[in-house]
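# Inside the fold
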Amino acid sequence: MKRLILPVLFLAVVVLGYMQKELIAAAFQTNPFQGSAESVARGEATWTAHCQVCHGSDGEGNGPASAQLSAKPKDLTMVARAPVFPDGILAFRISEGKNTMPAWKQAFTPDEIWDLVSYIRSKSKKAAKTLILSF
Ligand code: HEC
């Protein structure tokens, strides 16, 4: 029985890794518009039109519709910056959605999703160091 623990654990890690391979690949993607004020401005326009209703104008999770949500979005202004929490995982989450968070990959091009990441990061607070979002 005891001898089974390690192989089973190994298999579980491989299977989970395989299921999450897109997420793992996403973690290594970097924002092609890093540091671009134009990208932040484009992202802000999309954010105001599609995201702030739930997430609030700065991404603190306090949009007008947030009270109706069963699971509240986390405060994006406090999410640790790359490399602690990679930009690619933010982009992945926006593309793929999660629970009540809609998936946006049909609505926006990859560049438009990076603009949203630029906007979210532009609102990042100095104190943002350790908050990691659940995968
Ligand atoms: C209908 C409300 C709603 C809208 C509109 C919405 N979100 Fe979300 N979002 C959520 C919720 C709720 C979560 C938390 C999901 C969970 O973990 O269960 C979330 C999670 C996220 C996360 C990960 C943070 C976390 O809490 O894990 C990011 C990044 C994000 N949203 C970005 C966006 C962007 C960008 C847009 C606009 C294109 C957007 N969202 C539009 C409700 C929304």
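Residues numbered from 1 in each chain as written. Predicted model: local features only at pLDDT ≥ 70, side-chain atom pairs only at ≥ 80, totals over all residues.

## Things to note about the overall build of the chain
Regarding its fold elements, the chain presents six helices and zero strands. Along its sequence from the N terminus, the chain presents helices and strands in the succession α-α-α-α-α-α. Considering only C-alpha atoms, the chain reaches an extent of 55 × 35 × 35 Å along its principal axes. Put simply, the chain has 135 residues, and 22% of those count as buried. (Helix = DSSP H or I, 4+ residues; strand = E, 2+ residues; numbered from the N terminus. Buried ≥ 20, exposed ≤ 12 C-beta atoms within 10 Å, placed from the backbone.)

## Side note on the packing of helix 5 (residues 87-96) against helix 6 (residues 110-122)
One way to put it is that helix 5 packs onto helix 6 with a least axis distance of 9 Å and a crossing angle of 120 degrees. Here helix 6 runs oblique to helix 5, going by the angle between their axes. The handedness of the crossing between helix 5 and helix 6 comes out as right-handed. Contacts between helix 5 and helix 6 pair Asp87, Leu90, Ala91, Ile94 and Ser95 from the former with Ile113, Trp114, Leu116, Val117, Ile120 and Arg121 from the latter. For the contact of helix 5 with helix 6, the per-class residue count stands at eight nonpolar, one polar and two charged. (Axes fitted to C-alpha atoms, helices over the stretch in contact; angles between N-to-C directions. Parallel < 35°, antiparallel > 145°, perpendicular 65-115°, else oblique. Left-handed = near helix turned anticlockwise from the far one by under 90°. Contact = placed C-beta atoms within 7 Å. Nonpolar A, V, L, I, M, F, W, Y, C, P; charged D, E, K, R; others polar.)

## Regarding the site of the ligand
Near the ligand there are 23 residues, and of these Cys51, Cys54, Lys74, Asn99 and Met101 occur at the shortest range. Within the residue set of the shell around the ligand, elements represented by two or more residues are helix 4 (52-55) and helix 5. Looking at the shell around the ligand residue by residue, the classes come out as 15 nonpolar, five polar and three charged. (Near = placed C-beta within 6 Å.)

## Quick look at the environment of Gly59
Here Gly59 lies in the loop between helix 4 and helix 5. Residues within four places of Gly59 in sequence aside, it is in contact with Leu76, Thr77, Ile120 and Lys123.

## Looking at the packing of helix 3 (residues 37-50) against helix 6
When two helices pack together, their arrangement is given by the angle between the helix axes and by the axis-to-axis distance. It is at 7 Å that the axes of helix 3 and helix 6 come closest, and there the two elements cross at 95 degrees. Taken together, the axis directions place helix 3 and helix 6 in an arrangement best described as roughly perpendicular. On helix 6, the residues that touch Ser39, Val40, Arg42, Gly43, Glu44, Thr46 and Trp47 of helix 3 are Glu112, Trp114, Asp115, Leu116, Ser118, Tyr119 and Ser122. Classifying every residue of the contact of helix 3 with helix 6 gives five nonpolar, five polar and four charged.

## Digging into the environment of Ala91
Secondary-structure assignment places Ala91 in helix 5. On the basis of neighbour count, Ala91 is assigned to the buried category, with 22 C-beta atoms found within 10 Å. On a C-alpha basis, the gap between Ala91 and Asp115 in space is 9.5 Å, while along the polypeptide they are 24 residues apart. Ignoring anything within four residues of it in the chain, the contact list for Ala91 reads Ala26, Gln29, Ile113, Trp114 and Val117.

## Some words on the environment of Ala25
Note that Ala25 resides in helix 2 (residues 21-27). Taking the C-beta count within 10 Å as the criterion, Ala25 has 11 such neighbours and is therefore assigned exposed. Once the C-alpha coordinates of Ala25 and Val8 are considered, the two residues, 17 residues apart in sequence, prove to be 24 Å apart.

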